[in-house]
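Structural features, examined
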Amino acid sequence: MGTATTSPALEAFSQQAPVFDAIDRENALIGRMRAIVRKAALRHMRPSERLLELNAGTGIDSLFFAQKGLDVLATDAAPGMLAQLEARRNAHPELRLAVQERSFLELDTLPPQGFDHVFSNFGGINCTPHLDRVLAGVDHALRPGGTCALVIMPRFSPWELLAALKGHFRLAFRRWRKGGAP
């Protein structure tokens, strides 16, 4: 399996996996942003349609969309996130939620035009300088007339600003450090 992100990024995401859901639940701003993105995406989705989620993480959005009746393939490349995602899927066997280890740079290995929608939330695709390859893979996987919703995180992040106000400066300014992720 090729890597969409560097090994340190996969390791960092894997290390955060056990606490990711708690952080998400405890941060009202993240919850509000997640709700806005979901509402916008759902306007274009219908039950039984196929959704490919890139960088599904622990499956917070995957589970939501599967509960709305979509047939979801949740993908991620970080082993820790995949373990949490598998646990979430196993806890809800009644849903059409499949999990697959897959980099967002490997979408061309999926069946062509197999999905009605492609979705990625909270900047997972920020972890590659090859956005052109990601978009080419989306074109490959998406049916004609399908939708694609990719949330790309800017350098300025409101919840990281809140972290600074709480004294968590390393977290708050991680996107601004020299030699940090572009």
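Now for a description of the structure that goes with this document. (Residues numbered from 1 in each chain as written. Predicted model: local features only at pLDDT ≥ 70, side-chain atom pairs only at ≥ 80, totals over all residues. Heavy atoms only, no water.)

1. Here's the deal with helix 2 (residues 28–42)
- With 15 residues, helix 2 ought to run about 21 Å at 1.5 Å a step, and its terminal C-alpha atoms sit 21 Å apart, in line with that.
- Those residues of helix 2 not exposed but buried are Ile 30, Arg 34, Val 37, Arg 38 and Ala 41. Viewed end-on, helix 2 has its buried residues packed into an arc of 100°, placing them on one side of the element. In helix 2, the exposed residues that point more than 90 degrees away from the buried face are Ala 28, Arg 32 and Lys 39.
- Taking the backbone nitrogen of Leu 29 as reference, a side-chain oxygen 3.0 Å away marks Asn 27 as the first, capping residue of helix 2. (Helix = DSSP H or I, 4+ residues; strand = E, 2+ residues; numbered from the N terminus. Expected span 1.5 Å × (residues − 1). Buried < 20%, exposed > 50% of the residue type's maximum accessible area, 1.4 Å probe, protein only. Arc of directions from axis to C-beta. Polar contact = N/O pair within 3.5 Å; in protein donor to acceptor, adjacent residues only side chain to side chain.)

2. What to know about a nonpolar patch on the surface
- There is a patch of nonpolar side chains on the surface, built from Leu 161, Leu 162 and Leu 165 and spanning about 300 Å² of accessible area.
- Assignment of secondary structure puts Leu 161 in helix 6 (residues 158–165).
- By relative accessible area, which is 42% here, Leu 161 ends up partly exposed. (Patch = residues over 30% accessible without salt bridge, like charges linked within 9 Å, V, L, I, M, F, W, Y side chains within 5 Å. Areas by Shrake-Rupley, 256 points an atom, 1.4 Å probe, with all protein chains shown as cover. Salt bridge = Lys/Arg side-chain N within 4 Å of Asp/Glu carboxyl O.)

3. Overview of the packing of helix 1 (residues 7–26) against helix 4 (residues 79–90)
- Between helix 1 and helix 4, whose axes approach to 6 Å, the crossing angle comes to 35°. Residues Phe 13, Ser 14, Ala 17, Pro 18, Phe 20 and Asp 21 of helix 1 form the contact with helix 4, whose participating residues are Pro 79, Gly 80, Met 81, Gln 84 and Arg 88.
- Looking at the contact of helix 1 with helix 4, its residues break down into six nonpolar, three polar and two charged. (Axes fitted to C-alpha atoms, helices over the stretch in contact; angles between N-to-C directions. Contact = heavy atoms within 4.5 Å. Nonpolar A, V, L, I, M, F, W, Y, C, P; charged D, E, K, R; others polar.)

4. Examining the packing of helix 2 against helix 3 (residues 60–67)
- Viewed as axis vectors pointing N to C, helix 2 and helix 3 meet at an angle of 40°, and their least axial separation amounts to 12 Å. With respect to each other, helix 2 and helix 3 are oriented oblique. Taken as a pair, helix 2 and helix 3 cross one another with a handedness that is right-handed. Mapping the contact onto sequence places Arg 34, Arg 38, Ala 41 and Leu 42 in helix 2 and Ile 60, Asp 61, Phe 64 and Phe 65 in helix 3.
- A per-class count over the contact of helix 2 with helix 3 returns five nonpolar, no polar and three charged. (Parallel < 35°, antiparallel > 145°, perpendicular 65-115°, else oblique. Left-handed = near helix turned anticlockwise from the far one by under 90°.)

5. Details of helix 4
- The terminal C-alpha atoms of helix 4, which comprises 12 residues, lie 16 Å apart, in line with the 16 Å expected from a rise of 1.5 Å per residue.
- The set of residues buried in helix 4 consists of Gly 80, Met 81, Leu 82, Leu 85 and Arg 88.
- Those residues of helix 4 that are buried lie in contact with helix 1, helix 3, strand 2 (71–76) and strand 3 (97–101).

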